[in-house]
Amino acid sequence: MMLEIKNLHARLADGREILKGIDLSVAAGEVHAIMGPNGSGKSTLAAVLAGREGYEITEGSVRYQGRDLLAMAADERAREGVFLAFQYPVEIPGVNNTYFLRAAVNAQRRHRGDPELDAGQFLRLVRATLKLLDIGDDLLQRAVNVGFSGGEKKRNEIFQMAMLEPRLAILDETDSGLDIDALRTVARGVNGLRSPDRAIVMITHYKRLLDYVEPDYVHVLQDGRIIQSGDKDLAAELEQRGYGTFADAMGGDAA
Amino acid sequence: MNAVVDFPVKPEARGYLARFVPDDSEPGWLAARRQQAMTRFAELGFPNRKSESWRYLDLQPLENQPLLPSPAAPRADTAALSERLAHLSLPEAASRLVLVDGRFAPELSTVEPRSGVWFGSTAHAMRERPDLVRAAVEGIEGDEAHPFAALNTAFFSDGFVLDIAPGVTLDRPLEIVHLGAGISESSFHTRSVVMLGEGSRAGIIETYAGEGRYWRNDLVGVLLGQRAELTRTVLVEESAAAVHLAQIEARLGEGARFTGFVLLLNGQRVRHEANIRMGEGAKCVINGAYVVTGSDEANIVTVVDHTAPGGQTSELIKGVAAGRGHGAFQGRMIVREHAQKTDAHQLSRNLIIGQRAVIDTKPELEIYADDVKCSHGASVGDLDETALFYLQARGIPADEARRMLIDGFLREAVDTIEDIAKRTHLLRRLAGRLAELEG
Ligand SMILES: Nc1ncnc2c1ncn2[C@@H]1O[C@H](COP(=O)(O)OP(=O)(O)O)[C@@H](O)[C@H]1O
Ligand SMILES: [Mg+2]
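Per-chain numbering applies: the sequence of each chain, read as written, is numbered from 1 onward. Numbering of ligands from 1 and lettering of chains from A proceed in the order in which they are written. Since the coordinates come from a predicted model, pLDDT governs what is reported: local features require at least 70, and pairs of side-chain atoms require 80 or more to be given and counted, while whole-chain, interface and lining totals use all residues. Hydrogens and water molecules were not included; the side-chain quantities draw on all heavy atoms of the structure.

Participant: Would you explain the side chain of A:His9 in this entry?
Facilitator: Residues and elements named next belong to chain A. Only DSSP runs of H or I covering at least 4 residues are called helices, and only runs of E covering at least 2 are called strands; the numbering of each starts at the N terminus. Following the sequence through the fold, His9 ends up in strand E1 (residues 3–12). Here a polar contact means two N or O atoms within 3.5 Å. Within protein one must be a hydrogen donor candidate and the other an acceptor candidate, and residues neighboring in sequence count only if both atoms are side-chain atoms. Side chain to side chain, His9 and Asn7 meet in a polar contact 3.0 Å long. Should any heavy atoms of two residues lie within 4.5 Å, those residues are considered in contact. In this view, His9 contacts Glu17, Leu19, Lys20, Gly21, Glu56, Ile57, Thr58 and Glu59; residues no more than four positions away in its chain are not counted.

Right, here's the structure in full:
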């Protein structure tokens, strides 16, 4: 199993429990979509999986390719192939985007025992990847995400994902606020990554992305729990009925 | 030597006074000046930490274990020094003048002659152009109140002199490298001068580095004629046991421009003081960055005195303190009564990495004119945890991620260096230093 989350409970430093028993299994080759209203804990789940500090795991386990994911530091998880596309990509003044990405790619290569890429090799990889995604090279010479528009930030996340070729990609609302062109870029990135030995978890608000990237499973996250799972038709149903009524209905069922 | 001394002598000055031997071969004006300065230092002693501009620097180690001027040039290992130079020096420099333990080292220097330009060691200038040295020593006040400037006048052994005729432009920077050979524990007192004639333009880069324990007491005088432009870049990578006290005294003529940059990377005690006097419509940029770690201390102290209308000054200083390091920036801006339309801005941004590191930042605006634009800002913060997580989430190990953020932080200042060769060189030296940085 690529990712196996069992009864995961997580709380904030102030004691507030955000994840209240998540169960989710993702096999290699699969694309899962997680949908749910604002504040339901989607980004928290993504952050916990990526290894962000500040959350206390009070119960449950997460296994990634058979290993205890929660025991690994964030950077190790990334080098082992976990990638999180941030809902809010971080601006890092003074750090050049290309330099940053090369450091990331080479950290991963070192970890795998591959030789590091020199500047020339790296640049060729960059060019090829940009071409594949059909994005311009104007982001390369700027500081990481500094002064990028919302769309540029999301494109940059997808570009990084394509460069790093993760085993498990988690996209946190990468589709939010994008025009159709940018959405296509995201879809190209995700579909390009899709393969029998990789898995993708897409957190999204809208069915729109799912029209471009067809998921194998759709889950509904509500108040820190997955309250419903199904296939892509669930997304259509959600969009029609809205989270409110849907959750009410589900809550009624569950009670 | 002196059997009887008929003036008061501070205890910490005694050793220095005992080393003071008048040199009969020197011209009378200099001998008199040295004698006067020696007396002054004996009276003043070391600066008191109660004195405002020295309060952030602990000179106790130097007081307790004095580093006296060395009487003669030691024999240095040229091969080792050459190797050191290969790393430190700027490949693109037009000429390179190297001083070892405060004395000109011709075997390590390459100075290309150019018409309209006199560039050489201070000792050489004493023989060939004593007028330049005299102008530098007498034209720059400051050693009355400043104990180490007085000590410098009493003991300076060498330095460099750059004199450029009006209207001459140097395209490539001149480089001056001050090395400490690590042979004897002593102090090096260097006196240098830069004089730019009307409308001339030049860029210099000064690098300070060394081995072992020593005290460098460096004083540079800068006299810029009307509309002359000087860019001076300073790289301080002294040994971890060194004390580096440097002072620049600059006088800017009408419409002249001084662009100074300091990068302080290493040294037990490092202090860079810049005193700038601005003529009418003069422009002054002082940017800099420093890194302190271990129990090191670094101070940047600037005083920009706007004495005439229309001056423009901007300062950006960025500091990083790791370990138990202590950094400080004191920036004073004076705007005199008739210096209307002065435009002066100062910004100090700092990052504290170590739990026990300290940074002090102290702006001081003294404004006597009413039609001026002056501002200052200061911030002291920690590394951005969110940015750190972002880098780690891309697989970059924590240490490297921290270095990238620190480098990115300081780069904002270094990037203001226009000359690409200098900028690239300093960024490389900075990266090298950050690679050794502790948490
Ligand atoms: N680091 C944090 N500090 C404070 N509150 C947080 C933090 N992370 C999440 N929360 C809170 O947890 C809840 C779930 O947030 P989040 O996981 O971002 O939801 P979603 O992504 O589904 O909109 C919200 O109430 C949010 O305010
Ligand atoms: Mg969210």
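Participant: Even after reading the chapter, I still don't get the sheet that holds strand E12 (residues 269–278) of chain B, so can you show me in this structure?
Facilitator: The strands making up a sheet are joined through hydrogen bonds of the backbone, oriented either antiparallel or parallel. All names here are of chain B. Any two strands with at least two DSSP-identified bridges between them are counted as paired. Strand order in this open sheet of 9 strands is E3-E4-E6-E8-E10-E12-E14-E16-E18, and the pairing throughout is mixed. Every other strand in the sheet has two partners, leaving strand E3 (117–121) and strand E18 (358–367) as the edge strands with one partner each. Between one strand and the next, the sheet's axes are offset by a mean angle of 5 degrees, whatever the strand orientation. Lines fitted to C-alpha atoms define the axes here, with helix axes fitted over just the stretch in contact, and angles between the N-to-C directions of these axes take values from 0 to 180 degrees. Along the sheet, helix H6 (residues 130–139) makes contact with E3, strand E4 (160–164) and strand E6 (186–196), crossing E6 at roughly 105 degrees.

Participant: Which parts of the structure should I look at to understand the packing of helix H3 (residues 97–112) of chain A against helix H5 (residues 150–164) of chain A?
Facilitator: Helix-helix packing: each pair is described by the crossing angle between the helix axes and the interaxial distance. All names here are of chain A. At a minimum axis separation of 10 Å, H3 and H5 run at an interaxial angle of 30 degrees. The pairing of H3 with H5 is recorded here as roughly parallel in orientation. Between H3 and H5 the crossing geometry is right-handed. Within the contact between the two elements, H3 uses Asn97, Phe100, Leu101, Ala104, Val105 and Gln108 and H5 uses Asn156, Phe159, Gln160, Met163 and Leu164. Classification convention: Asp, Glu, Lys, Arg as charged; Ala, Val, Leu, Ile, Met, Phe, Trp, Tyr, Cys, Pro as nonpolar; all other residues, Gly among them, as polar. Residues belonging to the contact of H3 with H5 are distributed by class as follows: 7 nonpolar, 4 polar and no charged. Any angle that is under 35 degrees is reported as roughly parallel, and any over 145 degrees as roughly antiparallel; angles of 65 to 115 degrees are reported as roughly perpendicular and all others as oblique. The sense of a crossing depends on the near helix, which, turned anticlockwise from the far helix by less than a right angle, makes the crossing left-handed and, turned clockwise, makes it right-handed.

Participant: It is not clear to me how the side chain of B:Ser121 should be interpreted in this structure. Could you clarify?
Facilitator: Residue and element names in this part refer to chain B. Note on placement: Ser121 falls in strand E3. Only protein chains enter the accessibility calculation, which uses a 1.4 Å probe. A residue is then buried if its area is under 20% of the maximum for its type, exposed if over 50%, and partly exposed in between. The exposure class assigned to Ser121 is buried, which follows from its relative accessible area of 3%. A distance of 3.0 Å separates a polar atom in the side chain of Ser121 from the backbone nitrogen of His124. If we ignore the near neighbours within four places in the chain, the residues touching Ser121 are Leu97, Phe104, Asp158, Gly159, Phe160 and Val161.

Participant: Looking at this structure, how should I read the site of ligand 1?
Facilitator: All names here are of chain A. As a matter of local geometry, ligand 1 sits amid Leu12, Arg16, Ile18, Pro37, Asn38, Gly39, Ser40, Gly41, Lys42, Ser43, Thr44 and Tyr55. In this structure, Arg16 approaches ligand 1 through a side-chain N or O atom, which is 3.4 Å from an oxygen atom. Gly39 places a main-chain nitrogen or oxygen 2.7 Å from an oxygen atom of ligand 1. In this description, accessible areas are obtained by the Shrake-Rupley approach with a 1.4 Å probe, and a residue is regarded as covered only by the protein chains that are shown. Protein burial of ligand 1: of its 560 Å² of free accessible surface, 62% is covered by the chains. Tallying contributions element by element places helix H1 (residues 42–50) first for the shell around ligand 1, with 3 residues. In this text, near means that some heavy atom of the residue lies within 4 Å of the molecule or strand in question.

Participant: I'm lost on the packing of aromatic side chains in this one. Help?
Facilitator: Note on aromatic pairs: each is described by the distance of the centres and the angle between the planes. All names here are of chain B. Aromatic pairs are defined between Phe, Tyr and Trp rings, using the six-membered ring for Trp, whenever the two ring centres lie within 6.5 Å; interplanar angles under 30 degrees are classed as stacked, those over 60 as edge-to-face, and all others as tilted. Per the counting criterion, the structure on display carries 15 aromatic pairs over all chains. The interplanar angle of 75 degrees and the centroid separation of 5.3 Å between the aromatic rings of Trp54 and Phe148 together place this pair among those described as edge-to-face. With Trp54 in the loop between helix H2 (28–44) and helix H3 (60–64) and Phe148 in helix H7 (residues 147–155), this residue pair connects regions lying 94 residues apart in the sequence. Members of the aromatic cluster, each reached through a chain of ring pairs, are Tyr16, Phe41, Phe46, Trp54, Phe148 and Trp215. Working rule: Lys NZ or Arg CZ, within 6 Å of ring centre, within 35 degrees of ring normal, means a charge sits over the ring. Stacked on the ring of Trp54, the Lys or Arg Arg271 has its end atom at 3.6 Å from the ring centre. Lying over the aromatic face of Phe409, Lys318 brings its terminal NZ or CZ to 4.0 Å of the ring centre.

Participant: Honestly, the interface of chain A and chain B in this entry has me stumped. Any pointers?
Facilitator: By a frequent convention, interface size equals the accessible area lost on bringing the separate parts together. Facing the 29 residues of chain A at the interface are 17 residues of chain B. Salt bridges are defined as contacts in which a side-chain nitrogen from Lys or Arg sits within 4 Å of a carboxyl oxygen from Asp or Glu. At the junction of chain A and chain B, the tally comes to 2 salt bridges. Measuring nitrogen to oxygen at the nearest pair gives 2.7 Å for the salt bridge that ties A:Glu157 to B:Arg394. Here chain A is connected to chain B by 9 residue pairs in polar contact (both at pLDDT 80 or more). Listed by contribution, the elements that provide at least two residues to the side of chain A that touches chain B are helix H2 (74–79), strand E6 (82–85), H3 and H5 of chain A. Broken down by element, the residue count for the side of chain A that touches chain B peaks at 6 residues, all from H3(A). A class-by-class count of the residues in the side of chain A that touches chain B yields 20 nonpolar, 4 polar and 5 charged.

Participant: Any chance you could explain the pattern of salt bridges here in plain terms?
Facilitator: Opposite charge on two side chains allows them to pair when their charged atoms are near. Residues and elements named next belong to chain B. With the rule as written, the count across this model stands at 43 salt bridges over all chains. Here Asp305 makes a salt bridge to Arg336, at a shortest N to O gap of 2.7 Å. Here Asp305 is found in strand E14 (residues 297–306), whereas its partner Arg336 is found in the loop between strand E16 (326–335) and strand E17 (343–352), with 31 residues between them in sequence. The exposure class assigned to Asp305 is buried, which follows from its relative accessible area of 12%.

Participant: In this structure, what is going on with the coordination of the magnesium ion (ligand 2)? I would like to understand it.
Facilitator: Ideal geometry at a metal gives 109.5 degrees between four tetrahedral donors and either 90 or 180 degrees between six octahedral ones. Residues and elements named next belong to chain A. Protein-derived ligands of the magnesium ion (ligand 2) are Ser43 (OG) and Gln87 (OE1), with the metal-ligand distances lying across 2.0 to 2.2 Å. Note that Ser43 is positioned in helix H1 and Gln87 in the loop between E6 and H3, a separation of 44 residues in sequence. Residue class for Ser43 comes out partly exposed when judged on its relative accessible area of 29%. Water is absent from the atoms considered, so a metal site may look incomplete; donors are defined as N, O and S atoms within 2.8 Å of the metal, or 3.2 Å for Na, K and Ca.

Participant: Looking at this structure, I do not really get the pairing of E14(B). What am I missing?
Facilitator: As a general feature of sheets, a regular strand has side chains that alternate between the two faces. Residues and elements named next belong to chain B. Counting buried positions along E14 gives 10 out of 10 residues, so the element sits mostly inside the fold. Where burial is concerned, the two faces of E14 agree: the one with Glu297, Asn299, Val301, Val303 and Asp305 and the one with Ala298, Ile300, Thr302, Val304 and His306 are both buried. The sheet contact formed by E12 and E14 spans 10 bridges and is parallel. Residue pairing in the sheet places Met278 in a bridge with His306 of E14. In the sheet, E14 pairs with E16 via 10 bridges, with the strands oriented parallel. Opposite Val303, over in E16, you have Arg332 as the bridge partner.

Don't take any of this as a statement about function, it's just geometry.
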